[in-house]
Amino acid sequence: MSGKPSLLVEEGENRVVWRLNRPDVRNAIDRTMVDALHEACAAAEAEAKIVLIVGEGTTFAAGADIAQLRERGREDALRGINSKIFDRIHRLPMPTIGLLDGYALGGGAELAYACDFRIGTPRTRLGNPETGLGILAAAGAAWRLAELVGEPLAKEILLAGRVLTAEEALSVHLLNEVVQPDDLLATGHLLADRIAAQAPLATRLMKAVFHAPRDAHPFVDDVAQAVLFETEEKHARMTAFLDRRNRKEGNR
Ligand code: COA
């Protein structure tokens, strides 16, 4: 072990940047990184911060660590090491933004799919080569990818080894935006600024309600709205809107 932390966490006021930090192995996700991600999730859950995830170097993440994967057996698979952490990331209270420069393959792609937003660069490549290694994409891609891009393209990626270029991923909106590598982090922060300008509790409940199971609607929507209708922030934001309008009318 190099002794270098596999995840660097940079705290901001309303957001946190997680930097995958194993550039020598293209940020391959090993057990230590998964543990560090759980620790980071605990903090992001407690403080309800927006999360930006970026890879150190010119790769987002080249998947789960194949050296560790090769040695894993049935019991490890049943433990759901990667599926659990990506699921936890997907359920974080505030939006998550994956900043994908270079390769996002295998578990790296599944981590990206678990985010609410994905921004790439012209050299982003997204794919799931798991079946080529004799395993399946078991940490979210099998179902989440079809939700994101539809069954036909998901099957090309999962069953026929198709790797998407940035342009292709953008055309199906798997990437929200493509920017130059030097602008990637700043673009992520601009998106985080836009999210942070909304009422935080409204954003948080909107995300939770968006992902609630079909049967929970519309009850869950109504309950979440009931909570928001009683907040001071809703009253203040609506009053500010109406006051602005009244002022405009007064100036006519
Ligand atoms: N797990 C463990 N090690 C990995 C890795 C992974 N998923 N991906 C890359 N590495 C290591 C390589 O073994 C190599 O180590 P070395 O320097 O000790 O030889 C180092 O990272 C650099 O990789 P390399 O292949 O030389 O870099 P590249 O820039 O030419 O290619 C990739 C980058 C991502 C295309 C290529 O590394 C790759 O295909 N990785 C595996 C992707 C994959 O199948 N992921 C699914 C896992 S489920």
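Scroll up to find the structure.
Each chain has its residues counted from 1, following the order in which its sequence is written. Residue-level local features of this predicted model are given only where pLDDT is at least 70; pairs of side-chain atoms are given and counted only at 80 or more, and the full residue set underlies all totals for whole chains, interfaces and linings. In computing side-chain values, all of the structure's heavy atoms are included and hydrogens and water are not.

**Focus: the site of the ligand**
Residues are counted as near a molecule or strand when any one of their heavy atoms sits within 4 Å of it. Taken together, 15 residues are adjacent to the ligand, and Val25, Arg26, Ala62, Ala64 and Ile66 come closest. Between an oxygen atom of the ligand and a main-chain N or O atom of Asp24, the distance comes to 3.4 Å. Contact between the ligand and Arg26: an oxygen atom at 3.1 Å from a side-chain N or O atom of the residue. Listed by contribution, the elements that provide at least two residues to the shell around the ligand are α2 (66-71) and β5 (103-105). The classification used treats Ala, Val, Leu, Ile, Met, Phe, Trp, Tyr, Cys and Pro as nonpolar, Asp, Glu, Lys and Arg as charged, and all other residues, Gly among them, as polar. Tallied by class, residues from the shell around the ligand come to 10 nonpolar, one polar and four charged. For this analysis, a polar contact is any N or O atom pair within 3.5 Å, provided that within protein one partner can donate a hydrogen and the other can accept it, and provided that sequence-adjacent residues contribute only side-chain to side-chain pairs. Think of it this way: any DSSP run of H or I at least four residues long counts as a helix, any run of E at least two long counts as a strand, and we number them from the N terminus.

**Thoughts on the layout of surface pockets**
Leftover empty space is mapped by rolling, across the atoms, a probe with the size of a water molecule. In this analysis the probe radius is 1.4 Å and the grid spacing 1 Å, with only protein atoms considered; a cavity is a set of points the probe fits into but cannot get out of, a pocket is an open set with protein on both sides within 12 Å along at least five of seven lines, and lining residues have an atom within 4 Å of a point. Grid points are joined across faces, edges and corners, and a volume is the space filled by probe spheres set on the points. For the largest pocket, the calculated volume is near 960 Å³. Around the largest pocket, the lining comprises 35 residues; the ones closest to its centre are Asp116, Met206, Lys207, Phe210 and His211. Among the secondary structure elements, those contributing two or more residues to the lining of the largest pocket are α4 (81-90), β6 (117-120), α6 (141-149), α10 (200-210) and α11 (219-229). Split by residue class, the lining of the largest pocket holds 19 nonpolar, seven polar and nine charged. The computed volume of the second largest pocket comes to approximately 620 Å³. Lining of the second largest pocket is provided by 27 residues; of these, Ala64, Leu69, Asn82, Ile135 and Leu136 occupy positions nearest its centre. For the lining of the second largest pocket, the elements supplying multiple residues, two or more each, are α2, α3 (74-79), α4 and α5 (107-114).

**What to know about a nonpolar patch on the surface**
Residues enter patches when their relative accessible area tops 30% and they take part in no salt bridge; the joining distance is 9 Å for like charges and 5 Å for the nonpolar side chains Val, Leu, Ile, Met, Phe, Trp and Tyr. Computed with a 1.4 Å probe, the accessible areas rest on the Shrake-Rupley method; for each residue, only the protein chains presented here act as cover. The term salt bridge refers to a pairing of a side-chain nitrogen on Lys or Arg with a carboxyl oxygen on Asp or Glu at a separation within 4 Å. Taken together, the side chains of Leu201, Phe219, Val223 and Val227 present a nonpolar region at the surface, about 360 Å² in accessible area. No other element matches α11, which puts three residues into the nonpolar patch. When you line up the elements, Phe219 lands in helix α11. Burial classes: relative accessible area under 20% of the type maximum marks a residue as buried, over 50% as exposed, and values in between as partly exposed (1.4 Å probe, protein chains only). Accessibility expressed as a relative area gives 62% for Phe219, which makes it exposed.

**Some points on the nonpolar core**
The biggest cluster of nonpolar side chains holds 43 residues, and the ones touching the most others in it are Trp18, Leu20, Ile53, Phe60, Ile89 and Leu126. Those elements giving two or more residues to this core turn out to be β2 (15-20), α1 (31-47), β3 (50-55), α4, α5, α6, α7 (151-160) and α8 (166-171). Broken down by element, this core gets its largest block of residues, six residues, from α1. For our purposes a nonpolar core is just a set of buried Ala, Val, Leu, Ile, Met, Phe, Trp, Tyr and Cys residues, chained together by side-chain atoms within 4.5 Å. Of all hydrophobic cores here, the second largest spans 13 residues; its members include Val17, Ile50, Leu52 and Ala192.

**Considering the environment of Arg194**
Following the sequence through the fold, Arg194 ends up in helix α9 (residues 184-196). Note on Arg194: relative accessible area 54%, which makes it exposed. For Arg194 and Thr59, which are 135 residues apart along the polypeptide, the C-alpha to C-alpha distance reads 26 Å.

Just distances and angles here, no functional claims.
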